[in-house]
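Below, each chain spelled out in residue letters.
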Amino acid sequence: MFILAALLVQKAIETAGEGGIETEVIFLGDYTIADCTGCEGCKNTYKCVINDDMQKIYPRLLEADAVIIGSPTYFYNVSAYVKAFIDRCYCFEVFAEDDRSVWMGINEVLGGKYAVVIAVCEQYSEADMGHTAETMAKSLEALGYRIIDTVKALGLFKPGDALNDERILEQAAKAGKKLAKTLMLRKEIEKTLSSCNADIPLCF
């Protein structure tokens, strides 16, 4: 199942790359990522204090304008690897000192980022996918990402299932293409805004 999710993520990334976007693939299974302990050691610095392989991923997350994340469905939710990764991004969340209902992801302060979510399930009913896609999407939204597209791949169990499913491969490719077009549009807007008179907040 991990291979299935990886194949579809790679398809989306490949298409995004064809759209002129610089890409990098990270397999979470290649890294040792401990669980978040809720120690709040990141409270004032926005940096996790756990010294493991996640420290290699944080700088790449901060540098990237977007992410494409995928997971198989295990008992109606994301894999343990993906859950640990998401939980360890808690250090990018900031809460008001006197009211934890007031919070913000540091990516919002940095200008916002973008994401594509890909969820895979061996069953044919979307109900059996459970919360897999939503767990990734809602978590990324909380971290300051706008979800550009969500791909839900059903009825896939073996790697060959994905390779032989032209429909789902096309969905993954379209998601990557849409993400690339979104990032290119942002660059065009930034260029237009930078050419405006500094005294004028917006161009009309």
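The structure this text deals with has already been given above.
What counts, and at which threshold
Residues numbered from 1 in each chain as written. Predicted model: local features only at pLDDT ≥ 70, side-chain atom pairs only at ≥ 80, totals over all residues. Heavy atoms only, no water. Pairing = 2+ DSSP bridges. Helix = DSSP H or I, 4+ residues; strand = E, 2+ residues; numbered from the N terminus. Axes fitted to C-alpha atoms, helices over the stretch in contact; angles between N-to-C directions. Contact = heavy atoms within 4.5 Å. Salt bridge = Lys/Arg side-chain N within 4 Å of Asp/Glu carboxyl O. Buried < 20%, exposed > 50% of the residue type's maximum accessible area, 1.4 Å probe, protein only. Disulfide = S-S within 2.5 Å. Patch = residues over 30% accessible without salt bridge, like charges linked within 9 Å, V, L, I, M, F, W, Y side chains within 5 Å. Areas by Shrake-Rupley, 256 points an atom, 1.4 Å probe, with all protein chains shown as cover. Phe/Tyr/Trp six-rings, centres within 6.5 Å; stacked < 30°, edge-to-face > 60°. Lys NZ or Arg CZ within 6 Å of the ring centre and 35° of its normal.

Let us look at the sheet that holds strand E1 (residues 66–72). Ordered by their spatial adjacency, 3 strands build an open sheet running E1-E4-E5, and the pairing between neighbours is parallel. The open sheet has two edge strands with one neighbour each: E1 and strand E5 (145–154). Strand-to-strand, the axes of this sheet are offset by a mean angle of 15°, without reference to chain direction. In this structure, E1 lies alongside strand E4 (residues 113–121), joined through 7 bridges in parallel fashion.

Positionally, Thr135 belongs in helix H5 (residues 132–142). Aside from chain neighbours lying at most four places away, what touches Thr135 is Asn77, Val78 and Ile86.

All right, on to the pattern of salt bridges then. Counted by the stated rule, this structure contains 9 salt bridges. Among the ionic pairs, Glu126 bridges to Lys152, the shortest N-O distance being 2.9 Å. Of the two residues, Glu126 sits in the loop between E4 and H5 while Lys152 sits in strand E5, which places them 26 residues apart along the sequence. On the accessibility criterion, Glu126 (44% relative accessible area) is partly exposed. Between Lys138 and Glu141 there is a salt bridge, and its shortest N-O distance comes to 3.8 Å.

Once that is clear, we can look at the state of the cysteines. For the structure on display, the rule yields 0 disulfides. Counting only cysteine sulfurs, Cys91 is the nearest neighbor of Cys48, a cysteine outside any disulfide, at a range of 5.6 Å. When its relative accessible area of 17% is taken as the criterion, Cys48 is described as buried.

Looking now at a nonpolar patch on the surface. A surface patch of nonpolar side chains, about 260 Å² in accessible area, is lined by Leu185, Ile189 and Leu193. Tracing the backbone through its elements, the reader meets Leu193 in helix H7 (residues 166–194).

A few words on the packing of aromatic side chains. Throughout the structure, instances matching the rule amount to 2 aromatic pairs. With centroids separated by 6.1 Å and ring planes inclined at 35°, the aromatic side chains of Tyr90 and Phe95 adopt a geometry described as tilted. Here Tyr90 falls in the partly exposed class, since its relative accessible area comes to 21%. Overall, Phe95 belongs to the partly exposed group, its relative accessible area being 24%. Directly above the aromatic system of Phe95 lies the positively charged group of Arg100, at a separation of 3.9 Å from the ring centroid.

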